[in-house]
Structure formats: structure tokens, C-alpha cells
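Spelled out, the chains give:
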Amino acid sequence: MNEMSILQPTVALLIWTMIMWAWMYATRIPAMSKANVAPNDAAVPGTLDKTLPASVQAKAHNYNHLHEQPTVFYATAIILAITGQGGDMNTLLAWIYVGLRVAHSLVQATANVVMARFVLFALSSLVLIALIFHASIQVFDIHM
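Scoring rules and cut-offs
Residues numbered from 1 in each chain as written. Predicted model: local features only at pLDDT ≥ 70, side-chain atom pairs only at ≥ 80, totals over all residues. Heavy atoms only, no water. Helix = DSSP H or I, 4+ residues; strand = E, 2+ residues; numbered from the N terminus. Buried < 20%, exposed > 50% of the residue type's maximum accessible area, 1.4 Å probe, protein only. Core = buried A, V, L, I, M, F, W, Y, C linked by side-chain atoms within 4.5 Å. Contact = heavy atoms within 4.5 Å.

**Remarks on unusual backbone geometry**
Glycine aside, residues mostly have negative phi angles, and peptide bonds mostly take the trans form. Residues other than glycine seldom take positive phi values, yet Asn-112 does so here, at roughly 55°. Summarising the element assignment, Asn-112 is placed in the loop between α5 (88-109) and α6 (114-139). Accessibility expressed as a relative area gives 30% for Asn-112, which makes it partly exposed. One non-glycine residue, Asp-141, lies in the positive phi region at around 55°. Locating Asp-141 in the fold gives a position in the segment after α6.

Structural data, given as C-alpha cells:
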């Protein structure tokens, strides 16, 4: 496996984010129409959460979540790739992170079981911490 392999799961998560974007709009636009919500009504914070069904908003919330912690993942993966540490174990960890984030999305966008989401989020966070640790070792030249 080469040092740039970590970019594969990174791009996979980018693709997943766009899948969630499409799913969000495929459910949100019809729901807004059905609820007679004008696009400008959405400018008032909280309007859509109060007006649209929770099952519709869960997809939007998840899309937002994919722009939060995963941004740290993207930066970490790029650092690992450019420092020559984006292969083998780090690529495996990156795929595990992506799998956990996709699972988190599917839980939130469907059943929305908070405890299941929490466990998936916590596990993905631990994997991300391991990746950050590996990047830190390389960037700060800490070799044990």
C-alpha cells in the first residue's frame, strides 16, 4: 500500500457527504412543499425544525454533522499523506473512520436512535484520535 492510499477513504467520505446532500434535498424539498413553507421562511433559525417532520430534518442535521468533525479527519489524512504516513495502518484506520461515519449517518437518517449514534460517534472519535496521534508523531518528529 502506498503513502497516498489514505486519500481513498478521504474521497469516499467526500462522496458520502454528497450522497447525504442529495438525500437531504430529495426529502426536504417535498416536505417544505407539503408544509407550505416558502424558501424565505427557512431564513428564520429553527423554522424548519419546528415545521418539518423530524425524519426529514434528521438528514439535514446529519449533513451538517458531516461538515464538523470530518473536517479534522480531512486535514489529518492530508497531513499523513504528504508526510509519507498515509499507507497501511493509517489507511485501515481511515477506512474504519469512514465506515463508522457512514453508519452514524444511516442511523441518524433512518431510525435516529441516539444511543446508537453516540456509540458510533464515540468510536469514530477514538479512531480519529489515533490518526491525529500518528500525524503528531510524524510532524513533531517524536519517535519512540
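**Things to note about the nonpolar core**
Ranked by internal contacts, the top residues of the largest apolar core, which has 25 residues, are Ile-6, Leu-13, Met-20, Phe-73, Tyr-97 and Leu-131. Elements that contribute at least two residues to this core include exactly α1 (7-34), α3 (54-65), α4 (69-82), α5 and α6. The element that contributes the greatest number of residues to this core is α5, accounting for 7 residues. The residues touching Leu-131, leaving out its near neighbours within four places in the chain, are Ile-6, Phe-73, Thr-76, Leu-80, Asn-90, Leu-93 and Ala-94. Within the second largest apolar cluster, 6 residues are counted, among which are Ala-31, Met-32, Val-37 and Leu-48.

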